[in-house]
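What follows is the residue order along each chain.
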Amino acid sequence: MTTPVDPAAIRLTGENSFIRLSPEPGGEQTTRTSHWRVLWTPAGAGHVLFLKSADLDGDQVRVYSDNIAMTRYVQAEIESMLFPEFGDTSRPVIPAEFSRSGSIASAYNEIVAASTETVVLSWHDFLTPYMLNNPAGEASGRTHGVYSCFFPARQAQITVGDRTLPGVVSLEARGSAQSSTACCAWSETWVKP
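These notes cover the structure that comes with them.

1. Digging into the overall build of the protein
The secondary structure content of the protein amounts to 1 helix and 13 strands. The N-to-C order of helical and strand elements in the protein reads β-β-β-β-α-β-β-β-β-β-β-β-β-β. In summary, the protein has a C-alpha radius of gyration of 16 Å against a globular reference of 16 Å for 193 residues, a match within 12%. For the protein, the residues scored as buried account for 49% of the 193 residues in total. Once local pairs closer than 6 in sequence are excluded, the contacts in the protein between residues at least 24 apart make up 60%. A total accessible area of about 9100 Å² is found for the protein, and carbon and sulfur atoms account for 54% of it. One way to put it: in the protein the 14 positive side-chain charges average out to a point 3 Å from where the 20 negative ones average out.

Right under this line is the structure:
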């Protein structure tokens, strides 16, 4: 009999939305973000934004957060697999407050307010959502499994202070789903055998 319970241990549940921009569609990604709204980890809840852009700070990674312990956990447990530069726990953390506005029905924004600047991630012109299902132990090359509801966007923008970072979203297939390099990834849970 098949059990409805995944035997893998839960490592994180929350959201992990992202924007990856290129100078032209399908080109090399020159700007990358990973925004986490974490509901639960063994290190607590909170928010973190990882930002790397060829147009900022000589392409150095910025880390904004309201919970440094949770941030270090996300870096070591997950970001080190996804994008190792975001997984570097020696990077300083910029204290910030996090909020959101809008909706998937029109335009959605994640707002990160630090003392020095405000960063706004914006998604709009959404494609059909789909469920990502990558169980632990699958041939993904990762030690963890992940389940997430993806809302891919055709258009996205990143504003840092009064500056909009250049670049465009690229459309891409993910399995049988039409996706893009800018997705709101909600109801996301990471597991490990």
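This is not the end of the story, as more comes after the structure.
2. A word on the packing of aromatic side chains
Counted according to the given criterion, the structure contains 7 aromatic pairs. For the pair Phe83 and Phe86, a centre-to-centre distance of 4.7 Å together with 70° between the ring planes defines the contact as edge-to-face. As far as burial versus exposure is concerned, Phe83 and Phe86 are alike and both buried. Ring plane angle 70° and centroid distance 5.2 Å describe the contact between Tyr108 and Trp186, whose orientation is recorded as edge-to-face.

3. Things to note about the pattern of salt bridges
Applying the stated rule across the entire model yields 10 salt bridges. Measuring nitrogen to oxygen at the nearest pair gives 2.4 Å for the salt bridge that ties Arg62 to Asp57. Looking at Arg62, the relative accessible area reads 13%, which means it is buried. Glu117 serves as the salt-bridge partner of Arg62, at 2.7 Å between the closest nitrogen and oxygen. Taken as a pair, Arg62 in strand β4 (residues 61–65) and Glu117 in the loop between β6 (107–114) and β7 (118–126) lie far apart in primary sequence, 55 residues in all. Under the relative-accessibility criterion, Glu117 is labelled buried at 17%. Sharing partners across several salt bridges, the network here consists of Glu15, Arg37, Arg100 and Glu110.

4. Notes on unusual backbone geometry
In the Ramachandran plot, Asp59 falls in the positive-phi region, its phi being about 70° despite a non-glycine side chain. Note on placement: Asp59 falls in the loop between β3 (46–53) and β4. Its relative accessible area of 28% is what places Asp59 among the partly exposed residues. For Ser187, which is not glycine, the phi torsion reads 50° and is therefore positive. Following the sequence through the fold, Ser187 ends up in strand β13 (residues 182–192). Here Ser187 falls in the exposed class, since its relative accessible area comes to 55%.

The rules we used
Residues numbered from 1 in each chain as written. Predicted model: local features only at pLDDT ≥ 70, side-chain atom pairs only at ≥ 80, totals over all residues. Heavy atoms only, no water. Helix = DSSP H or I, 4+ residues; strand = E, 2+ residues; numbered from the N terminus. Rg over C-alpha atoms; globule rule 2.2 N^0.38 Å. Buried < 20%, exposed > 50% of the residue type's maximum accessible area, 1.4 Å probe, protein only. Contact = heavy atoms within 4.5 Å. Areas by Shrake-Rupley, 256 points an atom, 1.4 Å probe, with all protein chains shown as cover. Lys, Arg positive; Asp, Glu negative; His and termini not counted. Charge placed at Lys NZ, Arg CZ, Asp CG, Glu CD. Phe/Tyr/Trp six-rings, centres within 6.5 Å; stacked < 30°, edge-to-face > 60°. Salt bridge = Lys/Arg side-chain N within 4 Å of Asp/Glu carboxyl O.

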